[in-house]
Amino acid sequence: MSGSNVLIVESPAKAKTINKYLGDDFTVLASYGHVRDLPARDGSVKPEEDFSMEWELGDRSKRHIDEITRAAKGASRIYLATDPDREGEAIAWHVKQLLDEKRITGKVDVKRVTFNEITKSAVLDAIAHPREVHQELVDAYLARRALDYLVGFTLSPVLWRKLPGSRSAGRVQSVALRLICERESEIEAFRPQEYWTIEAAFRTPAGSPFTARLVGLNGKKLDKFTLGNKGDADAALATIRPLSFMVRSVERRQVRRNPFPPFTTSILQQEASRKLGFGATKTMRIAQKLYEGVDIGGETVGLITYMRTDGVQLSNEAIDGARRLISSAFGNEYLPNAPRVYKSSAKNAQEAHEAIRPTDMFRRPDQMGRFLDKDEQRLYELVWKRTIACQMASAELDQVSVDITSPKSEAQFRATGSIVTFDGFLKVYQEDRDDAGDDEDKDTRLPAMKDGDDLAKGEVKSDQHFTQPPPRYTEASLVKKMEELGIGRPSTYASILQVLQDRNYVRLEKRRFEPEDRGRLVTTFLENFFNRYVEYGFTADLETKLDDISGGRIDWKTVLREFWQAFSAAVEGTKDLTITQVLDALDEALGPHFFPTPAEGGRDPRVCPVCGDGRLSLKLGKNGAFIGCSNYPGCKYTRPLSIEGGEEGNADRELGNDPDTGYPVTMKRGPYGVYVQTGAPDEPKPKRVSLPKAMNPQDVDLDIALRLLALPRSLGPHPETGQEITAGIGRFGPYLKHGDAYKNLTPDDDVLTIGLNRAVVLLAGVAARKTVAGRELGNHPKDGKPITLGSGRFGPYVKHLKLFASIPKAINADTITLEQAVELLAAKAAKDSGKKPTATATDGEEKPKKAAAKKAPSKAAGAKAAAKAPAEKKAAAPKKATAAAKKPATKTTTKKAAAGD
């Protein structure tokens, strides 16, 4: 190995790819990520020694460093080729420090190289232009690592002492948790406000139909809440119905919609969440694989550029490749006159390297599909489409606004629509959005009309609405919010969201974050006693200072000194903090959550349900917080830290009236959960529908309730059978029905929104099983009775008389033979009887005896049952013996349970 070059990367996958690009005089080794870190114990960062740090080599890393050291001893040059970001710079620095300690760097030239994509040309170009380790980037890493360590190892013990049951606190993770908890508090404090809208159907002189919304009445412009109740809406309808209408004006204008910039890390995570349903962690894992290299026809190559970036610029080569592809694949009309250049608008953006893009624009997703698994291909396609679209021509739309009025302007309507006249970049890519509002203009096409046209008025109807609370954060919207606030970095978003879930501070329900009570307690504690350190502005300002360190504009230890002086004083100030003070603060802040305001005439949730005069409040025990009575120890009532009755505790409420019948629609809580109902006040059996388990009662409004009450709903005919597919809610939850086949919906499917295509996919397996049901295979060779195929809850089976045998997955139910069925039935009969298969196992018996298959409560009882089994007249004896034998066991079990065994 003498005289060879050593190139060190982070991962073995990357090493394997790059090794194929370089000649025999290169040895490519992997560090396997970070090689050392601060030990997970107090004192690893020493503020009293000017923030000196104690580093520890990981157990797993020792072997890799030994291998690197052996190779380095005989090398002529060492290239540190770790990732092109702060973390990669830090790993390169750590490796160089370890080589320094072994006195290797004085004898061997050590250089730093970076490449934004793993292609042969990029790697060779990087090696041809080496540099030194970037000390300012290393200083920024050291400052960030020290800050995170000091916050975690100083604040977490305070949490453990003052708030038992909490896990830990983190510099950025606690701020992200605060965002989630604050949004939940907004939702709980939200009170829906009723409003009504009125739409009318019109026809043009040519007979073309369209609809318009009422915007003015009796000379006044309507705002959202002008029609605040049914009475207001009915009065408006009475004014409108006798009137005739005409077109007052038609306004047309052309608008251009520009393409979106290429992907940064955060936008990739957001779009992968919206379009593909990927979590941030999964997105980054797949992107890492695409970056490090994929075998395509015997050549291993990275398919995308480095996936941790907040830069939006593209290299000239990439832009040129995109423009050549657009011209050849879509035509010159889709190619703008000049390349598009993008600049980041993100706060604290670091544009050290490119946006995320394909390494070769001409590797189209459909061509790469055979080299990738399904998820890899979907993410690659997303990156490819976004990159190509960012260099395409703008889309052009005609927007039309039609004002409609009555002769004396008693009422005014407006209709709006748009027509895409040139799709431009929309031919390839359209960005999704989270939580789009209901009032956004839709791309509705309006018929031709002109000023002064008389319109034929059709149905005029009113619709009741209620304002909606702000939506819970998805992974995409939370990452977007953190980026807007300047909190965290692209490389940290995925790990922050994962840590919050791992520590049971939050949970993901239907892809939205809901805080656990433990998370709310931690946030409330920090807001009350360490408010400065969970402020959004403070955290963002600290991120700015870290960026200033990387730019060489401020000394990293100056930042640490300023932070530590104030932070250590805040921690010192909590030493005399009593548990009573903590409880009072938590009880005041979280009281509205755990003890929601009761409905009129309802029981005060603060009153103890056992003693009747005690006050319920938050308590702290060694295992965490709980709710207990103020009369303790006289009253020992406690309950877990939750709202009484869970999310359903405050479910009973009126939602409004059914506009078709006028009957009230209410939500109630019953013994089997929450349900909605409607009907006449004196109706003995009103229509009721249970809420699906995944649906939060607090999210249900009149519109959702009416859609639930309208179930089952038709999704359309099955494309193969022509039979109707319906979706509904039954005894076992939401389901699909196709002919005689039923299929439960998955937790991710919504019974109110599921479409025909998704339903066909879910029903595919069910339909396949139904094809075999009821078919006769032939007669049993022993008794001549038929053997039939069936399909049940646990899959297909064969049946002979009253004996059932499941068909294993190894046997195709559609092609099973009579001989195979006989073998399965004989094996099942033998298993049921506890005997070897015999000719009489199924011969003439109604059902094989199963007494031996049941676990007897005692040997004596089992023997007695076996002895009496043949005697038909005494068939009940074994049951009595079994029952008698079970009684002592029940008592013993009860005693053990009482003893805590």
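Calculation criteria
- Residues numbered from 1 in each chain as written.
- Predicted model: local features only at pLDDT ≥ 70, side-chain atom pairs only at ≥ 80, totals over all residues.
- Heavy atoms only, no water.
- Helix = DSSP H or I, 4+ residues; strand = E, 2+ residues; numbered from the N terminus.
- Buried < 20%, exposed > 50% of the residue type's maximum accessible area, 1.4 Å probe, protein only.
- Contact = heavy atoms within 4.5 Å.
- Areas by Shrake-Rupley, 256 points an atom, 1.4 Å probe, with all protein chains shown as cover.
- Pairing = 2+ DSSP bridges.
- Axes fitted to C-alpha atoms, helices over the stretch in contact; angles between N-to-C directions.
- UniProt positions renumbered as here; feature names shortened; annotations may be inferred.
- Patch = residues over 30% accessible without salt bridge, like charges linked within 9 Å, V, L, I, M, F, W, Y side chains within 5 Å.
- Salt bridge = Lys/Arg side-chain N within 4 Å of Asp/Glu carboxyl O.
- Lys, Arg positive; Asp, Glu negative; His and termini not counted.
- Charge placed at Lys NZ, Arg CZ, Asp CG, Glu CD.
- Core = buried A, V, L, I, M, F, W, Y, C linked by side-chain atoms within 4.5 Å.
- Phe/Tyr/Trp six-rings, centres within 6.5 Å; stacked < 30°, edge-to-face > 60°.
- Parallel < 35°, antiparallel > 145°, perpendicular 65-115°, else oblique.
- Left-handed = near helix turned anticlockwise from the far one by under 90°.
- Nonpolar A, V, L, I, M, F, W, Y, C, P; charged D, E, K, R; others polar.
- Expected span 1.5 Å × (residues − 1).
- Polar contact = N/O pair within 3.5 Å; in protein donor to acceptor, adjacent residues only side chain to side chain.
- Arc of directions from axis to C-beta.
- pLDDT = per-residue confidence, 0-100.

### A short note on the overall build of the protein
Argument step 1. For the protein, the helix and strand inventory stands at 23 helices and 34 strands.
Argument step 2. Within the protein, the proportion of its 901 residues that are buried is 47%.
Argument step 3. In the protein, the share of contacts with a sequence separation of at least 24, taken over all contacts with a separation of at least 6, comes to 66%.
Argument step 4. Approximately 46,200 Å² of the protein is accessible, and the part contributed by carbon and sulfur atoms is 49%.

### Here's the deal with the environment of Gln-377
Argument step 1. Take Gln-377: it is sitting in helix α12 (residues 374–389).
Argument step 2. Ignoring sequence-local partners within four residues, the contact set of Gln-377 consists of Pro-365, Asp-366, Gly-369 and Leu-372.

### Topic: the sheet that holds strand β34 (residues 803–806)
Argument step 1. Reading across the sheet, the four strands line up as β31-β32-β33-β34 and stay open at both edges, with antiparallel pairing between neighbours. A single partner strand is all that each edge strand has here, and the edge strands are β31 (776–779) and β34. The mean angle between the axes of side-by-side strands here comes to 30°, regardless of whether they run parallel or antiparallel.
Argument step 2. With four bridges joining them, strand β33 (residues 795–800) and β34 adopt antiparallel strand pairing.

### Some words on the UniProt feature "site: Interaction with DNA" (unreviewed entry) in the protein
Argument step 1. Sequence positions flagged by UniProt for "site: Interaction with DNA" (unreviewed entry) are, in local numbering, His-34, Arg-144, Arg-145, Asp-148, Trp-160, Arg-308 and Arg-503.
Argument step 2. Here Arg-145 is to be found in helix α5 (residues 135–162).
Argument step 3. Excluding anything up to four places from it in sequence, Arg-145 contacts Asp-37, Leu-38 and Trp-55.
Argument step 4. As for its placement among the helices and strands, Arg-503 is situated in the loop between α14 (493–502) and β18 (506–509).
Argument step 5. We classify Arg-503 as partly exposed; its relative accessible area is 27%.

### Here's the deal with a positive patch on the surface
Argument step 1. On the surface, Arg-70, Lys-73, Lys-102, Arg-103 and Lys-107 cluster together to form a positively charged patch.
Argument step 2. Mapping Lys-73 onto the fold places it in helix α2 (residues 59–73).

### A short note on the sheet that holds strand β1 (residues 4–9)
Argument step 1. The four strands are arranged β2-β1-β7-β8 in an open sheet whose pairing can be described as parallel. Both outer strands of the open sheet, β2 (26–30) and β8 (109–112), are each paired with one neighbouring strand and no more. Direction aside, the axes of adjacent strands within the sheet are offset by 20° on average.
Argument step 2. As defined by bridge partners, β1 adjoins β2 across five bridges and the pair is classed as parallel. In the strand pairing of β2, Val-9 is matched with Ala-30.

### Overview of the pairing of strand β17 (residues 454–466)
Argument step 1. Pairing geometry for strand β9 (residues 194–203) and β17, over nine bridges, is antiparallel. Note on β17: the bridge partner recorded for Glu-194 is Phe-466.
Argument step 2. Relative to β17, strand β12 (residues 245–257) is paired through two bridges, and the arrangement is antiparallel. Residue pairing in the sheet places Phe-245 in a bridge with Leu-455 of β17.

### Examining the nonpolar core
Argument step 1. Residues Leu-7, Ile-78, Leu-379 and Phe-525 are the most contacted members of the largest nonpolar core, which totals 165 residues.
Argument step 2. In terms of residue count, α5 provides more of this core than any other element does, 13 residues in total.

### Some thoughts on the packing of aromatic side chains
Each aromatic ring pair is specified by the distance between its two centres and by the angle formed by the two planes.
Argument step 1. Across all of its chains, the model carries 24 aromatic pairs by this definition.
Argument step 2. An angle of 20° between the planes, with centres 5.2 Å apart, marks the rings of Phe-563 and Phe-567 as stacked. Of this pair, Phe-563 and Phe-567 both sit in helix α17 (residues 556–572), separated by four residues, roughly a single helical turn. For the residue pair Phe-563 and Phe-567, the accessibility class agrees, reading buried in each case.

### Regarding the environment of Asp-548
Argument step 1. Secondary-structure assignment places Asp-548 in helix α16 (residues 536–550).
Argument step 2. Along the chain, Asp-548 and Val-559 lie eleven residues apart, while their C-alpha atoms are 10.0 Å from each other.
Argument step 3. When sequence neighbours within four positions are dropped, the list of residues in contact with Asp-548 reads Arg-553 and Ile-554.

### Description of the side chain of His-800
Argument step 1. If you trace the backbone, His-800 turns up in strand β33.
Argument step 2. According to the relative accessible area criterion, His-800 is buried, its value standing at 1%.

### Looking at the packing of helix α9 (residues 280–292) against α14
Argument step 1. The contact between α9 and α14 brings their axes to 8 Å, and the two run at 140°. Regarding the angle of α9 to α14, the classification is oblique. Both α9 and α14 take part in a crossing whose hand is left-handed. Across the interface between the two elements, Ala-280, Thr-281 and Met-284 from α9 touch Ala-494, Leu-497 and Gln-498 from α14.
Argument step 2. Residues belonging to the contact of α9 with α14 are distributed by class as follows: four nonpolar, two polar and no charged.

### Considering the pattern of salt bridges
Argument step 1. For the structure shown, the criterion picks out 47 salt bridges.
Argument step 2. Two residues, Glu-514 and Arg-472, come together in a salt bridge whose shortest N-O distance is 3.9 Å. You can see Glu-514 sitting in strand β19 (residues 512–515) and its partner Arg-472 sitting in the loop between β17 and α13 (475–485), a full 42 residues away along the chain.
Argument step 3. Arg-472 gets classed as buried once you look at its relative accessible area, which sits at 8%.
Argument step 4. Three or more residues joined by partner-sharing salt bridges are found here, namely Glu-184, Arg-472, Arg-507, Glu-509, Glu-514 and Glu-516.

### Regarding α17
Argument step 1. Between its first and last C-alpha atoms α17 spans 24 Å; for 17 residues at 1.5 Å apiece the expected length is 24 Å, and the two agree.
Argument step 2. Taken together, the buried positions of α17 are Trp-556, Val-559, Leu-560, Phe-563, Phe-567 and Val-571.
Argument step 3. Where α17 is buried, its residues meet β5 (52–53), α5 and α16.
Argument step 4. Its side-chain oxygen placed 3.2 Å from the backbone nitrogen of Lys-557, Asp-555 serves as the N-cap of α17.

### Quick word on α2
Argument step 1. Taking 1.5 Å per residue, 15 residues should reach 21 Å; α2 reaches 22 Å between its end C-alpha atoms and fits that length.
Argument step 2. Here α2 has its buried residues at Ser-61, His-64, Ile-65, Ile-68, Thr-69, Ala-71 and Ala-72. In an axial view of α2, the angular spread of the buried residues amounts to 165°, which keeps them on one side of the axis. Across from the buried face of α2, at angles greater than 90 degrees, the exposed residues are Asp-59, Arg-63, Arg-70 and Lys-73.

### So, the packing of α9 against α12
Argument step 1. In the contact formed by α9 and α12, the axes pass within 10 Å of each other and the chain directions differ by 85°. When the axes of α9 and α12 are compared, the pair comes out roughly perpendicular. Where α9 abuts α12, its residues Lys-282, Thr-283, Ile-286, Ala-287, Lys-289 and Leu-290 lie against Asp-375, Glu-376, Leu-379 and Tyr-380.
Argument step 2. When its residues are assigned to classes, the contact of α9 with α12 shows five nonpolar, one polar and four charged.

### Re unusual backbone geometry
Argument step 1. For the peptide bond that leads from Tyr-632 to Pro-633, omega is 5°, which places it in the cis range.
Argument step 2. The residue Pro-633 is located in the loop between β21 (624–629) and β22 (638–639) in this model.
Argument step 3. With an omega of 0°, the peptide bond running from Leu-711 to Pro-712 counts as cis.
Argument step 4. Take Pro-712: it is sitting in the loop between α19 (702–709) and β27 (713–717).
Argument step 5. Phi at Tyr-32 is positive, roughly 60°, even though this residue is not glycine.
Argument step 6. If you trace the backbone, Tyr-32 turns up in the loop between β2 and β3 (36–37).

### Description of the side chain of Thr-309
Argument step 1. Note on placement: Thr-309 falls in the loop between β14 (299–301) and α10 (316–330).
Argument step 2. Within the local environment of Thr-309, its side chain forms a polar contact with the backbone nitrogen of Gly-311, the two atoms lying 3.0 Å apart.
Argument step 3. When neighbours within four sequence positions are excluded, Thr-309 is seen to be in contact with Thr-264, Thr-265, His-353, Glu-354, Ala-355, Ile-356 and Pro-490.

### Concerning the confidence of the model for the protein
Argument step 1. With 86% of its residues at a pLDDT of 70 or more, the protein has an overall mean of 83.
Argument step 2. The secondary structure element of the protein with the lowest average pLDDT is helix α23 (residues 877–899), at 36, and the one with the highest is α12, at 96.
Argument step 3. Considering only residues more than four positions removed or in separate chains, one finds that residues 437–441, a stretch of pLDDT under 50, has four contacts.
Argument step 4. With pLDDT under 50 throughout, residues 836–901 is counted as low confidence; its partners more than four residues away or in other chains account for 35 contacts.

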